[in-house]
There are 2 protein chains.
Amino acid sequence: MKELEERITRDGQVLGGGILKVDSFVNHQVDPALMDVCGREFARRFASVRATKVLTAEISGIAPALTTAMHLGVPVVYARKTKPITMPDQVFLTLAPSHTKGRTVELIVSPEYLADHERVLIIDDFLASGQTILGLARLAEASGSKVVGVGALIEKSFEGGRDALKSLGVQIESLACITRMEEGMIEFK
Amino acid sequence: MKELEERITRDGQVLGGGILKVDSFVNHQVDPALMDVCGREFARRFASVRATKVLTAEISGIAPALTTAMHLGVPVVYARKTKPITMPDQVFLTLAPSHTKGRTVELIVSPEYLADHERVLIIDDFLASGQTILGLARLAEASGSKVVGVGALIEKSFEGGRDALKSLGVQIESLACITRMEEGMIEFK
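Numbers given for residues are sequential positions, taken from 1 along each chain in its written order. The naming scheme follows written order: chains are lettered A onward, ligands numbered 1 onward. Two thresholds apply to this predicted model, a pLDDT of at least 70 for residue-level local features and 80 or more for giving and counting side-chain atom pairs, whereas whole-chain, interface and lining totals are computed over all residues. Water and hydrogen atoms play no part in the side-chain values, which are based on all heavy atoms of the structure.

Enquirer: Help me understand the nonpolar core, please; the structure alone is not making it clear to me.
Expert: Buried together is how nonpolar side chains tend to be arranged in soluble globular proteins. With 78 residues, the main nonpolar core has A:L4, A:I8, A:L20, B:L4, B:I8 and B:L20 as its most contacted residues. Between two residues, a contact is recorded if the distance between any of their heavy atoms is within 4.5 Å. Non-local contacts of A:L20, meaning those with residues more than four positions away in its chain, are made with A:I8, A:G12, A:Q13, A:V14, A:F126, A:I154, A:K156, A:I178, A:M181 and A:I186. Take the buried Ala, Val, Leu, Ile, Met, Phe, Trp, Tyr and Cys residues and link them wherever side-chain atoms come within 4.5 Å; each set so joined is a nonpolar core. Only protein chains enter the area calculation, which uses a 1.4 Å probe; residues under 20% of their type maximum are buried, those over 50% are exposed, and those in between are partly exposed.

So, in structure tokens, the structure goes:
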């Protein structure tokens, strides 16, 4: 999507270790108008998969997942990384290695909000190694739901996430696909 | 706001220890249409304060803050509770006691996104003791910004947060103000 690519080119910063910093419009400061456009675009691309729920991971997946869910007219669930006191003792929990955090994180969803026969659209900010998204897919499957699509704002295709997600057998969409990046240079597909 | 009060009455659960569980539409699963209505209402109530930025705290403040910012046409910044690797070493950091977590949490904002002379509208999911909101106000003030309003989806008036925030001298709005609650009974102002 041109609008997102242009914003990444203008305001994204390539840091060491394969990190793309988009803290000024996605991850710490959020541009709500851009998130709305992205949510509308995901809703358009996934119109035919008949999702009944959007699933994401806290924290930075929340904004694009919320706007996508808004345009699809379905609820959004964000997997928690720590179990809040309001959550029942019996939960769906999986572990996912986090590249940017340099450690494994827990992804936790309450069975109250992910039940049998949901059609789950997974939305996240990044598709890099795909490990977080695979974790979310495991949670969906554990609940008896079916993953029907995967969308990410920004894909770093050189990290192989798309291949890792192939086994899900679903439509995968990214709104900006980065094929190469170095300090001062970001190349899109 | 009638719509939010009705939803709390229908789907909210009063747990022990003064906890109101709204995980089915605010905190774990989010109803995007309801959040949109709430954001529009905050934008209406704060139309005259001329906010240039919305500030909230991760995680559960993000949804209402995002929709408010969307309707105001300004960016939203969410204070982080752990410092991500993309953040510079020099940050604004304050501590806030968290009732629901039973411990003190850090609230961290990068000076990149909260600068001199911003007019900051603080939005959060709950106004209970007011400690998180006071923490956000300290971050705003540390950056040289001015807090121009405080909005919370749900106020628990019996926890005294509104009094604690009086020193800010700004307009305070809650969309649902709970004056009393017990298991099976929630009373609104």
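Right, picking up where we left off after that structure.
Enquirer: Before we go on, may I ask you to explain the pattern of salt bridges in this structure?
Expert: Where charged atoms from two side chains of opposite charge approach closely, those side chains can pair. Every case where a carboxyl oxygen of Asp or Glu lies within 4 Å of a side-chain nitrogen of Lys or Arg is listed as a salt bridge. Overall, the coordinates contain 34 salt bridges over all chains when judged by the stated rule. Residue A:R45 is joined to A:E173 by a salt bridge in which the shortest nitrogen-to-oxygen separation is 2.9 Å. Here A:R45 is found in helix α3 (residues 32-45), whereas its partner A:E173 is found in strand β10 (residues 171-182), with 128 residues between them in sequence. Taking the relative accessible area as the measure of exposure, A:E173 reaches 19% and is therefore buried. Of the charged contacts in the structure, one is a salt bridge between B:E159 and B:K156, with a shortest N-O distance of 3.3 Å. Take B:E159: its relative accessible area is 24%, and that puts it in the partly exposed class. Via salt bridges that share partners, A:R7, A:R10, A:D11 and A:D31 belong to a single interconnected network. Helix and strand labels come from DSSP, where a helix needs a run of H or I of at least four residues and a strand needs a run of E of at least two; each type is numbered from the N terminus.

Enquirer: Can you help me understand the environment of B:E141 in this one?
Expert: All names here are of chain B. Mapped onto the elements, E141 comes out in helix α5 (residues 131-142). Put simply, E141 and A115 are 26 residues apart on the chain and 9.7 Å apart in space, counted from C-alpha to C-alpha. Excluding residues within four positions of it along the chain, E141 makes contact with V147 and L168.

Enquirer: Can you help me understand the relation of the copies chain A and chain B in this one?
Expert: What connects the two chain copies is a rotation about an axis and a shift along it. The copies are overlaid by a least-squares fit using only the C-alpha atoms of residues whose pLDDT is at least 70 in both copies. For the pair chain A and chain B, the best superposition has an RMSD of 0.0 Å and corresponds to a rotation of 180 degrees with a translation of 0.0 Å parallel to the axis. The operation mapping one copy onto its partner corresponds to a two-fold rotation axis. Minimal C-alpha separation from the rotation axis in chain A is found for A:I59, amounting to 3.2 Å. Comparing interface residues between copies, 100% of those in chain A also sit at the interface in chain B, which points to an isologous, same-surface contact.

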